[in-house]
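Summary of structural features
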Amino acid sequence: METARIAQILAEMGTMLELRGENPFRCRAYHNAAQALQNLPDELSSMIAEGRLGEVPGIGQTMQAKIVQLATTGTLPAYDELRQSTPPGLVALLRIPGLGPKKIKALRDELAIESLADLRTAAESGAIAKLRGFGAKTEAKILEGIAFVEKSGGRILLSHAVRLVQPIVAAVREHRNVIRAEVCGSLRRRAETIGDLDILFSSKQPAAVLDAFVKLPQVATVLAHGPTKASVRLADGVQCDLRGVEDAQFPFALHYFTGSKAHNIAMRKRALARGLTLNEYALAGEKGSISCRTEADLFAALDLAEIPPELREDAGEIEAAAAGQLPKLVERDDLKGTFHCHTDWSDGSATLAEMAAAARERGLHYLGIADHSRSAGYAGGLSIERVRAQWAEIDALNDSFGPSFHLFKGTECDILPDGSLDYPDEVLDGFDYVVASVHSSFQLPRDQMTRRLVRAASHPRVTMIGHPTGRLLLARDGYAVDLDALIAAAAAAGTLIEINANPHRLDLDAPHCRRAKEKGVPIVINPDAHAIAGLDDLDYGIAVARRGWLEPGDVFNTVAVQTMIQHLRQRAGPH
Ligand code: DGT
Ligand code: CA
Ligand code: CA
Ligand code: ZN
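None of these values were measured; they are calculated from a predicted model. (Residues numbered from 1 in each chain as written. Chains lettered and ligands numbered in written order. Predicted model: local features only at pLDDT ≥ 70, side-chain atom pairs only at ≥ 80, totals over all residues. Heavy atoms only, no water.)

1. Concerning the site of ligand 1
Within the structure, ligand 1 sits among 16 residues, and Arg-155, Ser-186, Arg-189, Gly-195 and Asp-196 are positioned closest to it. One of the side-chain nitrogen or oxygen atoms of Asp-198 is found 3.0 Å away from an oxygen atom of ligand 1. In this structure, a nitrogen atom belonging to ligand 1 sits 3.1 Å away from a side-chain N or O atom of Arg-268. Within the complex, 72% of the 600 Å² of free accessible area of ligand 1 lies under protein. Here the shell around ligand 1 is built from residues that sort into 3 nonpolar, 7 polar and 6 charged. (Near = heavy atom within 4 Å. Polar contact = N/O pair within 3.5 Å; in protein donor to acceptor, adjacent residues only side chain to side chain. Areas by Shrake-Rupley, 256 points an atom, 1.4 Å probe, with all protein chains shown as cover. Nonpolar A, V, L, I, M, F, W, Y, C, P; charged D, E, K, R; others polar.)

Here you go:
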């Protein structure tokens, strides 16, 4: 059995014993042993063979016997018994913010709570508020926690994770014993949703850093706290893992804990093919370990160009890096402007002038306005008269800007259920560009929805398709649609497809961006901003584009303002 799995089993046993209220020292022994296994100086199998397991601090005699049994037979009766006698729902309660083993044991003893369902019933009836050591506030918190866990499966949006991690990683970096620290895991890869936060640091005294970490004000519950690793639950229920390594190990650990798991496995294979072993601490060969100062050194040691974290999904990035064919990924500074922004003419909160000023402050040279169309009554959709009034105001603002900034007249035009558009062609002709989006009849069968979007993408006045699947991350699946058919139609008509950078949407997703690129469909990164702050969401759109292998040339809004003015004029044709 793999060492990591053995460590996991011991940790799980420690947790189950805690939930039963066993002697804390006994529980600790399991967690310490699990921790020690993760930091072994050598391969477990050779340490067992040489009888050196006893030398490892944190592994006592009884624990040694258990580890040897697991390593050699793959089973441990004590583990199976514990699992059988621990209700499976009980461990899940640890995911609720503010509930540690002690509280869970009290709930089980006093109210026979053994699952999330039991917990909800008790909290809703007010029984928890009456328990000693709980109270009404805790009960309300528990109800919130249940809602969160059920809604998200425990995952959170990338934007949420970024907000949470920033102050924590800053605090870690400020600690005087820290040499360097980085965010790893799915957050460093800029995945659209995040399971837990992973932070890595290097230090000569990791224990002191971890002691400070578990006392941070953001921490609600300490799940595990050892000499080189701690896991905590933050006040809003999210788990955060912090690991410390020696500085010489940092590049290897950074690479390993950035993942993805699939990428790591492929990298380890590549190392093995060269007679090297790669793990979270080192890259080693016959003649000892190869020292690396940075991740780039690690890649170079395997004859690879440095692979950006966003590409590390074992989706061809290692082959591309070996062949010197990695894309030069688009960056935020490549964006010269953006489209699909709302103002207070429809359901936005800022005025045209305010949005323009905010865009300029963010280094953009053009901004495409796109208030809702007339059918979108729920969102203050614009009548044709209001559209013409808005054009006049945009013309006046453009006169005041000069050549370095430009507002484009646009609309987020509803795609009606039959695929026709919400304004007549002669009105559409007056816009500089048109975003066409679905905002109604989400339940259409897949073939009908596909025909609807294909028809819109083929319309000569449509510049781009907005949020093409309509999904809301962690809240609502997208409507059923054949995206490949949409991409093909967009390619044929020269229509663009949007990456909606709103962190709730991130739609088109990264794998389909890559497909669109292959089919020659340019992508446009739009914030769908409904307020000034929404413009900052462009960073999340860039994350999706990078995960989709896009280069500046694949992204429409990387061209300069004067080129864009001409480009849109040509697309619109003479009228
Ligand atoms: P998440 O937290 O679900 O959003 O996704 P990650 O990728 O952050 O996953 P996490 O937190 O479980 O682990 C962080 C990284 O550690 C992961 O991306 C790759 C590495 N890792 C974790 N478990 C394994 C494993 O069993 N094998 C290998 N090769 N790598 C692993
Ligand atoms: Ca993670
Ligand atoms: Ca983790
Ligand atoms: Zn929309």
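2. Focus: the pattern of salt bridges
Under the criterion given, the structure shown has 28 salt bridges. Across the salt bridge formed by Asp-554 and Lys-517, the nearest N and O atoms sit 3.0 Å from each other. In this pair, Asp-554 sits in the loop between α23 (538–547) and α24 (561–572) while Lys-517 sits in helix α22 (residues 510–518), placing the two residues 37 residues apart along the sequence. Among the residues examined, Asp-554 registers a relative accessible area of 19% and is labelled buried. (Salt bridge = Lys/Arg side-chain N within 4 Å of Asp/Glu carboxyl O. Helix = DSSP H or I, 4+ residues; strand = E, 2+ residues; numbered from the N terminus. Buried < 20%, exposed > 50% of the residue type's maximum accessible area, 1.4 Å probe, protein only.)

3. A few points about the sheet that holds strand β18 (residues 496–500)
With parallel pairing, 6 strands are arranged side by side in an open sheet as β13-β15-β16-β17-β18-β19. Taken across any chain shown, the strands that pair with only one partner, and hence form the sheet edges, are β13 (371–372) and β19 (523–526). Bridge count between β18 and β19: 4 bridges; the pairing is parallel. Paired with Ile-497 across the bridge in β19 is Ile-523. (Pairing = 2+ DSSP bridges.)

4. Focus: the nonpolar core
Formed by 119 residues in total, the largest nonpolar core has its most connected members in Leu-119 and Leu-197. Take this core: its biggest share by element is 8 residues, from helix α10 (residues 158–174). With 25 residues, the next largest nonpolar core counts Met-16, Tyr-30, Ala-33 and Tyr-79 among its residues. (Core = buried A, V, L, I, M, F, W, Y, C linked by side-chain atoms within 4.5 Å.)

5. Some words on helix α18 (residues 384–401)
Look at α18: 26 Å from first C-alpha to last across 18 residues, which is about the 26 Å you get at 1.5 Å a residue. Taken as a whole, α18 has its buried residues at Ile-384, Val-387, Gln-390, Trp-391, Ile-394, Leu-397, Asn-398 and Phe-401. Projected down its long axis, α18 shows its buried positions confined to an angular sector of 130°, all on one face. Residues of α18 that are exposed and point over 90 degrees away from its buried face: Glu-385, Asp-399 and Ser-400. Trailing α18 by a residue or two, Gly-402 shows a phi angle of about 80°, which is positive. (Expected span 1.5 Å × (residues − 1). Arc of directions from axis to C-beta.)

6. Notes on the coordination of the calcium ion (ligand 3)
Taken together, Asp-196 (OD), Asp-196 (OD), Asp-198 (OD) and Asp-241 (OD) make up the full set of protein donors to the calcium ion (ligand 3), lying 2.3 to 2.7 Å away. Between the donor residues of the calcium ion (ligand 3), the gaps in sequence give the motif D-x1-D-x42-D. Between the calcium ion (ligand 3) and the calcium ion (ligand 2), a separation of 3.7 Å is found, and both are coordinated by Asp-196. (Donors = N, O, S within 2.8 Å, 3.2 Å for Na, K, Ca; no water.)

7. Structural notes on the side chain of Arg-188
Topologically, Arg-188 is positioned in helix α11 (residues 185–188). At 2.9 Å, the side chain of Arg-188 and the side chain of Glu-295 are in polar contact. Apart from the residues lying within four places of it in its own chain, the contact partners of Arg-188 are Val-183, Leu-254, Thr-258, Glu-295, Pro-309 and Arg-312. (Contact = heavy atoms within 4.5 Å.)

8. Overview of the environment of Ala-320
Counting through the fold element by element, Ala-320 comes out in helix α16 (residues 317–322). Residues contacting Ala-320, with those up to four places away along its chain left out, are Gln-325, Leu-326 and Trp-549.

9. Observations concerning the domain arrangement of the protein chain
Considered domain by domain, the protein chain is made up of domain 1 (3–151), domain 2 (156–245), domain 3 (254–322) and domain 4 (332–572). For domain 1 and domain 3, the distance between their C-alpha centres works out to 33 Å. (Domains from an automatic or database assignment.)

10. Remarks on the packing of aromatic side chains
For the structure on display, the rule yields 10 aromatic pairs. Between the aromatic rings of Tyr-366 and Phe-408, the centroid separation amounts to 5.7 Å while the plane-to-plane angle is 75°, which identifies the pairing as edge-to-face. Here Tyr-366, found in strand β12 (residues 366–369), pairs with Phe-408, found in strand β14 (residues 406–408); they are 42 residues apart in sequence, far enough to count as distant. Across the pair, exposure class does not vary: Tyr-366 and Phe-408 are buried alike. (Phe/Tyr/Trp six-rings, centres within 6.5 Å; stacked < 30°, edge-to-face > 60°.)

11. Side note on the side chain of Arg-243
Relative to the helices and strands, Arg-243 resides in strand β7 (residues 239–245). Residue Arg-243 is classed as buried on the basis of its relative accessible area of 15%. Not counting residues up to four positions away in its chain, the partners in contact with Arg-243 are Asp-198, Ile-199, Leu-200, Phe-201, Thr-228, Lys-229 and Phe-257.

12. So, the coordination of the zinc ion (ligand 4)
Around the zinc ion (ligand 4), the protein contributes the donor atoms Glu-412 (OE), His-439 (NE2) and His-467 (NE2), which lie 2.0 to 2.2 Å from the metal centre. Given the relative accessible area of 1%, Glu-412 is considered buried. Note on His-467: relative accessible area 1%, which makes it buried.

13. Focus on unusual backbone geometry
Of note, the bond from Gly-259 into Ser-260 is cis; its omega dihedral lies within 30 degrees of zero at -5°. Relative to the helices and strands, Ser-260 resides in the loop between α13 (250–258) and α14 (261–273). Each neighbour pair has its own omega, and for Asp-507 with Leu-508 the value is 10°, a cis peptide bond. Take Leu-508: it is sitting in the loop between β18 and α22. Look at Arg-190: it is not a glycine, yet its phi comes out positive at around 60°. Its location among the elements puts Arg-190 in the loop between α11 and β3 (193–194). The residue Ser-441 is not glycine, and still its phi comes out positive at about 45°.

14. Description of the environment of Glu-317
As for its position among the elements, Glu-317 is in helix α16. Exposure remark for Glu-317: the relative accessible area of 0% places this residue in the buried category. Expressed as a C-alpha distance, the spacing of Glu-317 and His-263, which sit 54 residues apart in the sequence, is 8.7 Å. Contacts of Glu-317, omitting those with residues within four sequence positions, involve His-263, Ile-307, Leu-311, Arg-312, Leu-326 and Trp-549. Side-chain polar atoms of Glu-317 contact the backbone nitrogen of Asp-314, separated by 2.6 Å.

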